[in-house]
Amino acid sequence: MKMEHTMELTVEHSGRFCQSCGMPMPEEELLGTEREGVKTEEYCKYCYEDGEFKQPDITLQSMIDLCTGYLVEQGMNEADARGMLAQSLPLLKRWKQEGVSK
Ligand SMILES: [Zn+2]
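Residues numbered from 1 in each chain as written. Predicted model: local features only at pLDDT ≥ 70, side-chain atom pairs only at ≥ 80, totals over all residues.

As a further point, take the nonpolar core. One finds C18, C21, C44 and C47 to be the most contacted residues of the largest nonpolar core, which totals 15 residues. For this core, the secondary structure elements donating two or more residues are β2 (39–44), α1 (60–73) and α2 (78–88). Among the elements that line this core, the one with the most residues is α1, at three residues. When neighbours within four sequence positions are excluded, C44 is seen to be in contact with C18, C21, M23, M25, L30, L31 and G32. (Core = buried A, V, L, I, M, F, W, Y, C linked by C-beta atoms within 7 Å. Buried ≥ 20, exposed ≤ 12 C-beta atoms within 10 Å, placed from the backbone. Helix = DSSP H or I, 4+ residues; strand = E, 2+ residues; numbered from the N terminus. Contact = placed C-beta atoms within 7 Å.)

If you want it as structure tokens, here you go:
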């Protein structure tokens, strides 16, 4: 399994990416699944499986913390990672629906 893809969270990037954590999903095997086992193009397999979120109670802030950890592991500066996620994750479908108040 190839693990060389880096997080691409910029909105202008037209690839398919998870609407929960922002992870790019260039390969079919990264896609999450609905209850029938059908692949969904909206969420990755780490967030969504068998028609349910794996972490249904996670908050946007917790997701940012979680993803920051992954990006730091990949060698990104923590402040940069957190800043990028704080800007991009609220735009994703899963978090838009929450009606995030300012
Ligand atoms: Zn995801």
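Looking now at unusual backbone geometry. Despite not being glycine, D50 shows a phi value in the positive range, around 55°. Along the chain, D50 turns up in the loop between β3 (48–49) and β4 (52–53). Taking the number of C-beta atoms within 10 Å as the measure of exposure, D50 has 11 and is therefore exposed.

What follows is about the packing of α1 against α2. Between α1 and α2, whose axes approach to 9 Å, the crossing angle comes to 135°. Looking at the two axes, α1 sits oblique to α2. The two elements α1 and α2 cross, and the hand of that crossing is right-handed. Judged by residue contacts, I64, C67, T68, L71 and V72 of α1 engage E78, A81, R82, L85 and A86 from α2. A breakdown of the residues in the contact of α1 with α2 according to their chemical character gives seven nonpolar, one polar and two charged. (Axes fitted to C-alpha atoms, helices over the stretch in contact; angles between N-to-C directions. Parallel < 35°, antiparallel > 145°, perpendicular 65-115°, else oblique. Left-handed = near helix turned anticlockwise from the far one by under 90°. Nonpolar A, V, L, I, M, F, W, Y, C, P; charged D, E, K, R; others polar.)

As defined by bridge partners, strand β1 (residues 31–33) adjoins β2 across three bridges and the pair is classed as antiparallel. Note that in β2 the partner of G32 across the bridge is T40. Linkage of β1 to β2, two consecutive antiparallel strands, is achieved through a turn of five residues, within which G37 is found at a positive phi near 90°. (Pairing = 2+ DSSP bridges.)

Examined against the element boundaries, M25 turns out to sit in the segment before β1. Setting aside its immediate chain neighbours within four residues, M25 contacts R16, F17, C18, L30, L31 and C44.

What follows concerns α1. Between its first and last C-alpha, α1 extends 20 Å over 14 residues, near the 20 Å set by a 1.5 Å rise per residue. The complete set of buried residues in α1 reads M63, I64, C67 and T68. The buried residues of α1 occupy an angular sector of 135° when the element is viewed end-on, so they sit on one face. Facing away from the buried side of α1 by more than 90 degrees, the exposed set consists of S62, G69 and E73. Packing partners of the buried residues in α1 comprise α2. (Expected span 1.5 Å × (residues − 1). Arc of directions from axis to C-beta.)

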